[in-house]
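Chain by chain, the residues:
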Amino acid sequence: MKKYLLDTNICAYFLNGKFNLEAKIDKVGFENCAISEITIAELKYGVEKASTKKRTGKP
């Protein structure tokens, strides 16, 4: 079976429940999907940026 490397946008869409990605990932098999260390870092950065914005009220 093919392996899939999910980028940051796809991971963000998945976490936000967009584009029926849960069903698509289930179809190809969760074990056939991976994310890179760069994607992990970008997701962590996005979470930190969003939580800082929420705390300070600044964009």
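Residues numbered from 1 in each chain as written. Predicted model: local features only at pLDDT ≥ 70, side-chain atom pairs only at ≥ 80, totals over all residues. Heavy atoms only, no water.

A few words now on unusual backbone geometry. For Phe-19, which is not a glycine, the phi torsion comes out positive at approximately 60°. A residue is classified by how much of its surface remains accessible, and Phe-19, at 54% relative accessible area, is exposed. At Asn-20, a position not held by glycine, the phi torsion is positive, near 55°. As for its position among the elements, Asn-20 is in the loop between α1 (8-15) and α2 (21-28). Assessed through its relative accessible area of 53%, Asn-20 is described here as exposed. (Buried < 20%, exposed > 50% of the residue type's maximum accessible area, 1.4 Å probe, protein only. Helix = DSSP H or I, 4+ residues; strand = E, 2+ residues; numbered from the N terminus.)

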